[in-house]
Amino acid sequence: MAIRITFDLEDKDLKYFRGIMKKAQEAADTGDESGIISKAREMVDEVSQSAVPAFVRQRVESVRNLVDMLEDEEWALETKERKNVLSALAYFSDPQDLIPDNVPVLGYIDDAIMIELVVSELKHEIEAFTDFCGYRDGEKARNRNQNLSREEYLAIKRRELHQRMRRRRQSARSRARRSGTRPRFRLF
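Here the structure is a predicted model, which means the values were calculated and not measured.

**Student:** Can you help me understand the overall build of the protein in this one?
**Tutor:** Helix and strand counts for the protein come out as 8 helices and 0 strands. A burial count over the protein gives 40% of its 188 residues as buried. Within the protein, contacts between residues separated by at least 24 positions form 68% of all contacts whose residues are at least 6 apart in sequence. By element, 51% of the accessible surface of the protein is carried by carbon and sulfur atoms, the whole surface being about 11,300 Å².

**Student:** Before we go on, may I ask you to explain the environment of M114 in this structure?
**Tutor:** Secondary-structure assignment places M114 in helix 5 (residues 109-121). Those residues within four positions of M114 in sequence are excluded, and the remaining contacts are F17, I20, M21, Y91, F92 and L187.

**Student:** It is not clear to me how the packing of helix 5 against helix 6 (residues 123-137) should be interpreted in this structure. Could you clarify?
**Tutor:** For any two helices packed against each other, one specifies the inter-axial angle together with the distance between the axes. Their axes nearest at 4 Å, the elements helix 5 and helix 6 cross at an angle of 70°. In terms of orientation, helix 5 and helix 6 fall into the roughly perpendicular class. Residues V119, S120 and E121 of helix 5 pack against K123, E125 and I126 of helix 6. Split into classes, the residues belonging to the contact of helix 5 with helix 6 amount to 2 nonpolar, 1 polar and 3 charged.

**Student:** Could you clarify how one ought to interpret the packing of aromatic side chains in this entry?
**Tutor:** Any aromatic ring pair is given by two values, namely how distant the centres are and how the planes are angled relative to each other. Overall, the coordinates contain 4 aromatic pairs when judged by the stated rule. An angle of 85° between the planes, with centres 6.1 Å apart, marks the rings of Y16 and F17 as edge-to-face. We classify F17 as buried; its relative accessible area is 5%. Residues Y135 and Y153 carry aromatic rings whose centres are separated by 6.3 Å and whose planes lie at 75° to one another, so their mutual orientation is edge-to-face. Placement of the pair is Y135 in helix 6 and Y153 in helix 8 (residues 150-179), with a sequence separation of 18 residues. Each member of the aromatic cluster is reached from another via a ring pair, and the members are W75, F129 and F132. Taking NZ or CZ as reference, K157 lies 4.6 Å from the ring centre of Y135, over its face.

Here is what the cut-offs are and how they apply
- Here the residue numbers are simple positions, counted from 1 along each chain's written sequence.
- In keeping with the model being predicted, local features are shown solely for residues with a pLDDT of at least 70 and side-chain atom pairs are shown and tallied solely at 80 or more, while totals for entire chains, interfaces and linings include all residues.
- Excluding hydrogens and water, the side-chain figures rest on all heavy atoms present in the structure.
- Helix and strand definitions here come from DSSP, where helices need a minimum of 4 consecutive H or I residues and strands a minimum of 2 consecutive E residues; each element is numbered from the N-terminal end.
- Between buried and exposed lies partly exposed: a residue is buried under 20% and exposed over 50% of the maximum accessible area for its type, with that area taken using a 1.4 Å probe on protein chains only.
- We call two residues in contact whenever any of their non-hydrogen atoms come within 4.5 Å of each other.
- All accessible-area figures derive from a Shrake-Rupley calculation using a 1.4 Å probe, and residue coverage is judged against the displayed protein chains alone.
- Helix axes use the C-alpha atoms of the stretch in contact, all axes being lines fitted to C-alpha atoms, and the angles between their N-to-C directions lie in the range 0 to 180 degrees.
- Throughout this description, any angle smaller than 35 degrees is read as roughly parallel, any larger than 145 degrees as roughly antiparallel, any in the 65 to 115 degree range as roughly perpendicular, and the remainder as oblique.
- Charged means Asp, Glu, Lys or Arg here, nonpolar means Ala, Val, Leu, Ile, Met, Phe, Trp, Tyr, Cys or Pro, and polar covers whatever is left, Gly included.
- Each aromatic pair joins two rings of Phe, Tyr and Trp (for Trp, the six-membered one) with centres within 6.5 Å, and gets the label stacked for planes under 30 degrees apart, edge-to-face for over 60, and tilted for any other angle.
- For a Lys NZ or an Arg CZ to count as sitting over a ring, it must be within 6 Å of the ring centre and within 35 degrees of the ring normal.

Encoded structure:
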C-alpha cells in the first residue's frame, strides 16, 4: 500500500532553501569541479544501492542527469548554466546537509525537496540536454542531414538547444513581469 503526502513550502521555507543553495554556490565557486561531480555521483550510486524510499530514489535519478550534463563534453554547457548545475551538485555532494543522509528513512527528505526545486529551476537546461542526447544517440540522430558530418550536425543542434533554453527562461521571466504576477521562485 502506498500513501501520497503533499505539502506546501511557504515563502520562509523557500527562503531557507535559497540560503542553503547560496552556500552550495559558494562551495562550488571555491571547490574543485571534478571533486564535486565525483561526490555527487557517489551519492547517486549510494542511494541507488540502498534501501531508501522510492520517492527519493526516483528523484535522485535527476541528479544523475545533472552529473551527466556536466560530464558530457559534446554538450559543452556554457559557463552560467554550468555554474548553476555545479552549485546544485555541490549541495547534493554534502552528506551532512540539512538532514544528515545517514538518518534512516528521513536522511534524504531534504535532498528530495531540493531536487524538486533544482529540477524546476533547471527544467530548460534538462529538457535541452535530453533533446541533445536524442539528436546524438536516438532516432533523431539516424535522420540527420547526411551532407553534414556528425560533429557539424551536433554543433548546430547544441547551438539551437542552448539558445532555446535561454529563450525559454527569458520568456518565462518576461511573462511574469508583463502579467504583474509575483515572480516565480528562483533558486539561483
